[in-house]
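Read off the chains here:
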Amino acid sequence: MPDVSLLEEVVADATPLLGQGKVANYIPELSKVDGRKLGIAVCSSDGGVVGAGDFQEQFSIQSISKVFSLVQAMTLYGEAEVWSRVGKEPSGNAFNSLVQLEHECGVPRNPFINAGALVISDLLQSRLSTPKHRMLELVRELSGNSQIFSDKAVAQSEYQHMARNAAIAYLMKSFGNFHNDVDQVLQTYFTHCAVRMSCADLARAFYFLSNKGVGLDGKRVLPEKQNRQVNALLATSGLYDGAGEFAYRVGMPGKSGVGGGIIAVVPGEMSVCVWAPELDENGNSLAGIAMLEMLGKRLGRSIF
Ligand code: DON
């Protein structure tokens with residue numbers, strides 16, 4: 001377990017990177033976030049959380065929600081039902097790209113690009129009567145924080161700028177790989193992306209990924225085998241077109257969001273969350289990756 005002073009050092013050493021990235025502005029509501037925020041939190045095997053910087057401030061989790069959605073789909077459906085609808089390969093393209101879908105019969109490369117997450121949301125819509133509420137229940141339960149909500153203004157802003165996600169969903173529907181009403185699923189997906197959590201909340205919530213599928217409260221979230229599979233997918237596709245560079249520099253399964261958060265896992269040891277809203281060209285937090293790289297180096301941790 002790293003001590004607070006090490007985490008404070010990581011935040012201080014990442015501070016000079018501020019100004020080098022760009023806060024996401026394709027969702028107007030997200031562009032209002034202060035780009036100078038920096039936070040890090042670590043949750044280790046004794047269940048304790050240590051953090052530094054803005055680690056207690058809640059932010060828009062965005063694509064990090066795709067991991068929670070996948071976990072729900074894996075518990076609601078059999079293996080073949082999930083993986084016939086979405087692949088397990090890195091895309092090598094931007095997170096919101098449409099190009100592969102046309103050539104690949106409307107089956108997205110993986111569950112973490114937008115197309116894949118939309119298929120997963122479609123699966124959830126088919127099985128859950130209130131998928132938006134179920135997501136909140138799950139994140140509250142996993143993090144032990146009942147004060148987690150979805151930001152209506154952010155979800156609304158995404159809805160108003162839905163063209164690309166709607167195009168992706170309709171293209172998949174034309175191939176028969178999208179079963180519900182597109183508008184309804186988009187609303188669920190945007191509501192999930194607009195959930196606000198802090199680094200501390202997220203480090204706690206993803207503790208199960210570092211603990212063979214068992215959460216902080218001792219309850220099993222995923223069977224051990226599926227937990228390993230989720231970590232494998234995070235390692236290969238969690239940072240989109242930046243997944244290779246992330247594996248090279250950080251060496252941990254991880255998932256980013258355009259809100260500037262990244263969660264990362266050291267199996268058997270700890271879950272980490274960093275937050276820095278300015279993004280690199282792949283839509284991943286620039287200072288966030290640097291903080292995880294520093295943490296891994298200073299603790300001598302990598303899965304490779
Ligand atoms: O659908 C979108 O574009 C956003 N709600 C989520 C994208 C995202 O977080 C990609 N992450 N780096």
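Model, not experiment: these values are computed from the prediction.

1. Thoughts on the domain arrangement of the protein chain
One widely used convention gives an interface's size as the accessible area the parts lose upon coming together. Per the domain assignment, the segments making up the protein chain are domain 1 (4–62 + 196–299) and domain 2 (64–193). Centre-to-centre, using C-alpha coordinates, domain 1 lies 20 Å away from domain 2. Every contact between the two is made by 32 residues of domain 1 and, on the other side, 32 residues of domain 2. At the level of secondary structure, the elements contributing two or more residues to the side of domain 1 that touches domain 2 comprise strand 6 (195–197), helix 10 (199–205), helix 12 (224–237) and strand 8 (261–266). Its residues assigned to classes, the side of domain 1 that touches domain 2 shows 16 nonpolar, 10 polar and 6 charged.

2. Some thoughts on helix 5 (residues 114–127)
Count 3.6 residues to each turn of an α-helix, and residues three or four apart come out pointing the same way. Under the 1.5 Å per step criterion, the end-to-end length of helix 5 is 20 Å for 14 residues, consistent within 8% with the ideal 20 Å. On the buried face of helix 5, the contacting elements are helix 2 (65–76), helix 3 (79–83), helix 4 (99–103), helix 6 (131–143), helix 8 (163–174) and helix 9 (182–193).

3. Here's the deal with the site of the ligand
Near the ligand there are 13 residues, and of these Q62, S63, C193, V258 and G283 occur at the shortest range. A per-class count over the shell around the ligand returns 3 nonpolar, 9 polar and 1 charged. Three or more residues apiece are contributed to the shell around the ligand by two domains, here domain 1 (4–62 + 196–299) and domain 2 (64–193).

4. Observations concerning helix 7 (residues 152–160)
Taken residue by residue, helix 7 has V154, A155, S157 and E158 as its buried positions. Taken end-on, helix 7 shows its buried residues confined to a sector of 160 degrees, consistent with a single buried face. Exposed positions of helix 7 whose direction lies more than 90 degrees from the buried face are K152, A153 and Q160. For helix 7, the secondary structure elements touched by its buried residues are strand 4 (59–60), strand 5 (149–150) and helix 9.

5. A closer look at unusual backbone geometry
Backbone geometry at C105 places phi at a positive 55 degrees, although glycine is not the residue there. When you line up the elements, C105 lands in the loop between helix 4 and helix 5. For Y240, which is not a glycine, the phi torsion comes out positive at approximately 55 degrees. By secondary structure assignment, the location of Y240 is in the loop between helix 12 and helix 13 (243–249).

6. Regarding the UniProt feature "binding site: substrate" (unreviewed entry) in the protein chain
Listed under "binding site: substrate" (unreviewed entry) in the UniProt record, and renumbered for this structure, are S63, N114, E158, N165, Y189, Y240 and V258. Relative to the helices and strands, S63 is located in the loop between strand 4 and helix 2. Residue classification places S63 among the buried residues on the basis of 27 C-beta atoms within 10 Å. When residues no more than four places from it in sequence are discounted, the contact partners of S63 are F95, F112, C193, K255, S256, G257 and V258. Looking at the element boundaries, V258 is found in the loop between strand 7 (254–256) and strand 8. Once you skip the residues sitting within four places of it in the chain, V258 turns out to touch A24, L30, Q62, S63, L279 and G283.

7. Points about the pairing of strand 8
Taking burial as the measure, the 6 residues of strand 8 include 6 buried ones, the bulk of the element. Of the two faces of strand 8, the one holding G261, I263 and V265 and the one holding I262, A264 and V266 are both buried throughout. As defined by bridge partners, strand 7 adjoins strand 8 across 3 bridges and the pair is classed as antiparallel. Bridged to S256 within strand 8 is I262.

8. Thoughts on the sheet that holds strand 6
Read across the open sheet, the 3 strands follow the order 4-6-5; overall the sheet is antiparallel. The open sheet has two free edges, formed respectively by strand 4 and strand 5, since each of these has just one partner strand. Judged from the 2 bridges that link them, strand 4 and strand 6 form a sheet pairing that is antiparallel. Counted as the bridge partner of S60 is R196 from strand 6.

What counts, and where the lines are drawn
Residues numbered from 1 in each chain as written. Predicted model: local features only at pLDDT ≥ 70, side-chain atom pairs only at ≥ 80, totals over all residues. Domains from an automatic or database assignment. Contact = placed C-beta atoms within 7 Å. Helix = DSSP H or I, 4+ residues; strand = E, 2+ residues; numbered from the N terminus. Nonpolar A, V, L, I, M, F, W, Y, C, P; charged D, E, K, R; others polar. Expected span 1.5 Å × (residues − 1). Near = placed C-beta within 6 Å. Buried ≥ 20, exposed ≤ 12 C-beta atoms within 10 Å, placed from the backbone. Arc of directions from axis to C-beta. UniProt positions renumbered as here; feature names shortened; annotations may be inferred. Pairing = 2+ DSSP bridges.

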